[in-house]
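# Reading the structure
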Amino acid sequence: MVASTKTSAQVVETEPNYDRLSELKAFDDTKTGVKGFVDAGITAVPNIFLHHPPENSPQTPPPQVTHFKLPVIDLAGAAADPGRRAAAVEAVREASEAWGFFQVVNHGVEDRVMEEMMGGVRRFNEQDGEERKQWYTRDFTRDFVYCSNFDLFSGPETNWRDSFFCKTAPTAPNPQDLPPPCRDILIQYSEQIMKLGISLLELLSEALGLSLNHLKDMDCAEGLATVCHYYPACPQPELTMGTSKHADNGFLTVLLQDHIGGLQVLHQNHWVDVPPTPGTLVVNIGDLLQLITNDKFKSVEHRVVANYDPRVSVACFFTGLLASTKQYEPIKELVSEKKSSKLQTNHSNRNDNPRTHQRS
């Protein structure tokens, strides 16, 4: 027996002499990612992608819950109309405290730009494997990085996903260092997301009872990483994950997803589907924002399930100045003696690996 299939309550079993590291290296050496397997016509999920739930974990929450609905916030007129501004601030506050996630509409990012961005991700990943190979690397100091699973050799699981990313702020990349299928749109999309991110940080600042520019002045919008995920069609989606359960470790994430769906948020111990709705963007709180708000806003776990159909998403991570020696701490106006001791414990348990914010 090579592997046993699983249900949500079973653990995948492999042979005791299974050499996982060798298979990971062989996979990485192909430089064509999961899409390369699909192009080769595989009909079963290879061992390295089998999902292994912890044996001592609580029962997996049901994958679909109909009585929860992710908040949708309309930003139309929020910049100019005081009444709409107040309503948007209150909606952002409620969603950030209760969910850590919300969707936004009328956000200012053009529909044309969002469609072209998803098209650029598809064009890059669906071109010939020999073309993709020239961009494949694990040198994360490069302006553009394409590979499968950023934590391939260090993570506990291998996800059914290929990705590319580039850091678009504080310094924009040289267009000539980006692949032609997505070169122009990657820069244009990131510029529009930066504008939206600043607007969201202003709303979040007001929702905390702080001045409009408080979070921006803390450099929360200084770093932006644009990460594009391609989830190839999976022959056995019940055996693997598109993205394992995790939380983002930056300040704020803005996600664009296509019509396929698969994103789920852990809310009140249930996995809640985030429905793909045309024209919407998904926003979620990261670990650093939870830290500096003294746990007022929540960074929550989420995941992406695998699917029979290919899926595209684009996640923009507002990371702050993670590459510098700058230290972030709770905003003093939000700290009380009652919560100060808890705060230190939460901070010490945070994952400071800069790669983890690129998983959503």
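This one's a predicted model, so the numbers in the text were calculated from it and none came from an experiment.

### What about the packing of aromatic side chains?
Taken as a whole, this structure holds 15 aromatic pairs when the rule is applied. Residues Phe-27 and Phe-49 carry aromatic rings whose centres are separated by 5.4 Å and whose planes lie at 85° to one another, so their mutual orientation is edge-to-face. Taken as a pair, Phe-27 in helix 1 (residues 20–30) and Phe-49 in the loop between helix 2 (33–39) and strand 1 (72–74) lie far apart in primary sequence, 22 residues in all. For the pair Phe-27 and Phe-49, a shared accessibility class is recorded, and that class is buried. Measuring from centroid to centroid gives 5.4 Å for Tyr-136 and Tyr-146, while their planes differ by 90°, and the two rings are edge-to-face. Of this pair, Tyr-136 sits in the loop between helix 5 (129–133) and strand 3 (144–147) while Tyr-146 sits in strand 3, placing them ten residues apart in sequence. Taken together, Phe-124, Trp-135, Tyr-136, Phe-144, Tyr-146 and Phe-164 form an aromatic cluster joined through their ring pairs.

### Notes on the pattern of salt bridges
By the definition in use, this model includes 13 salt bridges. Between Arg-93 and Glu-90 there is a salt bridge; the shortest N-O distance is 2.3 Å. You can see Arg-93 and its partner Glu-90 sitting in helix 3 (residues 82–98), three residues apart, about one turn around the helix. The class for Arg-93 is partly exposed, based on a relative accessible area of 23%. Here Asp-139 ties to Arg-142 by a salt bridge, and the two come within 3.8 Å at their closest N and O atoms. Residue Arg-142 is classed as partly exposed on the basis of its relative accessible area, which comes to 41%. Salt bridges sharing common partners tie together Glu-90, Arg-93, Glu-94, Glu-97 and Lys-296.

### Points about the nonpolar core
The nonpolar side chains of soluble globular proteins are, as a tendency, buried together. Formed by 85 residues in total, the largest nonpolar core has its most connected members in Tyr-189, Leu-215, Leu-252 and Leu-281. No other element matches helix 6 (residues 183–207), which puts twelve residues into this core. Non-local contacts of Tyr-189, meaning those with residues more than four positions away in its chain, are made with Val-109, Val-113, Met-114, Met-117, Leu-256, Leu-281, Val-314 and Cys-316. Counting residues in each nonpolar core, the second largest holds twelve residues, with Phe-27, Leu-152, Trp-160 and Leu-239 among its members.

### Focus: the sheet that holds strand 11 (residues 302–305)
Overall, antiparallel pairing links the four strands, which are arranged 6-11-8-9 in an open sheet. Only two strands of the sheet have a single neighbouring strand rather than two, namely strand 6 (241–246) and strand 9 (270–273). With strand direction ignored, the average angle separating the axes of adjacent strands in the sheet is 30°. In this structure, strand 8 (residues 263–267) lies alongside strand 9, joined through four bridges in antiparallel fashion. Bridge pairing links Val-265 to Val-272 in strand 9.

### Focus on the state of the cysteines
Scanning the entire structure with this criterion turns up zero disulfides. The cysteine Cys-166 is free of any disulfide, with Cys-228 supplying the nearest cysteine sulfur at 7.3 Å. The class for Cys-166 is buried, based on a relative accessible area of 0%.

### Re helix 6
For helix 6, spanning 25 residues, the distance from its first C-alpha to its last is 36 Å, which sits close to the expected 36 Å at 1.5 Å a residue. Buried residues dominate helix 6, accounting for 18 of its 25 residues. Phi turns positive one or two residues past the end of helix 6, at Gly-209, with a value near 80°.

### Section: the side chain of Arg-132
By the element assignment, Arg-132 lies in helix 5. Notably, Arg-132 is buried but unbridged: the nearest opposite-charge side chain belongs to Asp-39, and the N-O separation is 4.1 Å.

### As for the sheet that holds strand 3
Spatial strand order, 1-2-10-7-12-5-4-3: eight strands in an open sheet with mixed pairing. Sheet topology places strand 1 and strand 3 at the edges, where each strand pairs with a single neighbour. Along the sheet, successive strands turn relative to each other by an average axial angle of 25°, direction set aside. Here strand 5 (residues 224–231) pairs with strand 12 (residues 311–318) via eight bridges, running antiparallel. Pairing of Cys-228 across the sheet is with Val-314, part of strand 12. This element, helix 6, spans strand 2 (101–105), strand 4 (162–169), strand 5, strand 7 (252–257), strand 10 (281–285) and strand 12 of the sheet and lies at about 130° to strand 7.

### Overview of the confidence of the model for the protein
Any segment with low pLDDT has predicted coordinates that should not be analysed in fine detail. Per-residue confidence for the protein gives a mean pLDDT of 88, with 84% of residues at or over 70. Low pLDDT, under 50, characterises residues 1–12; the stretch is placed with 26 contacts to residues that sit more than four places away or in other chains. A low-confidence stretch, residues 55–59 (pLDDT under 50), is modelled with one contact involving residues beyond four sequence positions or located in other chains.

### Considerations on unusual backbone geometry
Here the bond from Ala-169 into Pro-170 is cis, since omega is 10°, no more than 30 degrees from zero. Within the element layout of this structure, Pro-170 appears in the loop between strand 4 and helix 6. Phi at Gln-268 is positive, roughly 50°, even though this residue is not glycine. As for its placement among the helices and strands, Gln-268 is situated in the loop between strand 8 and strand 9. Owing to a relative accessible area of 56%, Gln-268 belongs among the exposed residues under this scheme.

Here is what the cut-offs are and how they apply
Residues numbered from 1 in each chain as written. Predicted model: local features only at pLDDT ≥ 70, side-chain atom pairs only at ≥ 80, totals over all residues. Heavy atoms only, no water. Phe/Tyr/Trp six-rings, centres within 6.5 Å; stacked < 30°, edge-to-face > 60°. Helix = DSSP H or I, 4+ residues; strand = E, 2+ residues; numbered from the N terminus. Buried < 20%, exposed > 50% of the residue type's maximum accessible area, 1.4 Å probe, protein only. Salt bridge = Lys/Arg side-chain N within 4 Å of Asp/Glu carboxyl O. Core = buried A, V, L, I, M, F, W, Y, C linked by side-chain atoms within 4.5 Å. Contact = heavy atoms within 4.5 Å. Pairing = 2+ DSSP bridges. Axes fitted to C-alpha atoms, helices over the stretch in contact; angles between N-to-C directions. Disulfide = S-S within 2.5 Å. Expected span 1.5 Å × (residues − 1). Lys, Arg positive; Asp, Glu negative; His and termini not counted. pLDDT = per-residue confidence, 0-100.

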